[in-house]
Amino acid sequence: MSARRVTWLTVSAVCVLIAASIGFQQGYGSATVEPSAPPSVCGLLRPAVFDILVPRHGPPQAEQEAEPSWSGTSCLVEGPPGTAGTSLFVALTRYGRNDEGEGPRCADRPGALTLPVNRTNHPVPIGDVGTYYFERGDQPDSHVVHLSSCLGTYGVYVRYEAGGVTAPAIVAAATTVAREVWASL
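K.L.:
Help me out: how do you make sense of unusual backbone geometry in this one?
P.N.:
The phi angle of most residues is negative, glycine excepted, and most peptide bonds adopt the trans form. Not every positive phi belongs to a glycine, and R56 is a case in point at roughly 55°. With respect to the secondary-structure elements, R56 resides in the loop between α3 (47–53) and β1 (61–67). Look at R56 and you get exposed, because its relative accessible area is 66%.

K.L.:
Just checking my understanding: could you explain the side chain of T93 for this structure?
P.N.:
Locating T93 in the fold gives a position in strand β3 (residues 87–95). With a relative accessible area of 14%, T93 lands in the buried category. For T93, the residues in contact, after removing those within four places along its chain, are W70, S71, G72, T153, Y154 and G155.

K.L.:
Would you mind showing me how to read the nonpolar core here?
P.N.:
As a rule of thumb, soluble globular proteins bury nonpolar side chains together. Membership of the largest hydrophobic core comes to 31 residues, with the highest contact counts inside it found for L88, V90, V158 and Y160. Among the secondary structure elements, those contributing two or more residues to this core are α2 (41–44), α3, β2 (70–78), β3, β6 (142–151), β7 (154–163) and α4 (167–184). Examining the composition of this core, we find that 8 residues originate from one element, α4, more than from any other. Among all residues touching Y160, those that are not within four sequence positions of it are L53, V54, S87, L88, H143, V144, V145, I170 and A173.

About the cut-offs
Residues numbered from 1 in each chain as written. Predicted model: local features only at pLDDT ≥ 70, side-chain atom pairs only at ≥ 80, totals over all residues. Heavy atoms only, no water. Helix = DSSP H or I, 4+ residues; strand = E, 2+ residues; numbered from the N terminus. Buried < 20%, exposed > 50% of the residue type's maximum accessible area, 1.4 Å probe, protein only. Contact = heavy atoms within 4.5 Å. Core = buried A, V, L, I, M, F, W, Y, C linked by side-chain atoms within 4.5 Å.

In structure tokens form, the structure reads like this:
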């Protein structure tokens with residue numbers, strides 16, 4: 001084989017490899033990768049947590065949802081009818097790669113930790129990038145806390161409402177629920 005032919009074959013092979021590499025990177029960066037479903041979040045929390053935070057509660061109501069690039073489970077426990085709105089809602093989400101190129105890390109998702117609302121987001125030191133919560137106290141005797149936490153490809157959201165408790169106590173309760181979920185994964 002002539003030197004000219006070897007050079008032409010080498011250049012052709014390199015061009016094919018470069019084109020394949022560019023195609024792979026563009027395809028991978030824009031491909032949606034569905035995550036595996038997370039475990040049932042109701043099963044990750046001990047019954048004692050429900051008993052303490054929502055006395056005389058009904059049975060936990062579990063739901064599972066999936067959208068492109070994420071999958072999640074949720075658990076809702078409510079106090080008996082006619083009580084002052086005591087409830088605990090916990091959602092566990094697992095992220096994958098979506099077609100906009102967002103990776104599977106929960107912390108990289110816009111709005112996964114903080115909400116751009118007229119609320120103050122307060123940090124709590126749990127999770128791999130921290131945890132944030134905001135409070136709502138529309139009623140003088142009732143408090144609601146919304147807490148979001150990320151750990152790797154998982155996100156936990158806790159909404160806890162209870163009457164007759166202080167704001168620090170309700171935040172501590174929601175933080176404990178998030179820690180319970182992380183410890184059980």
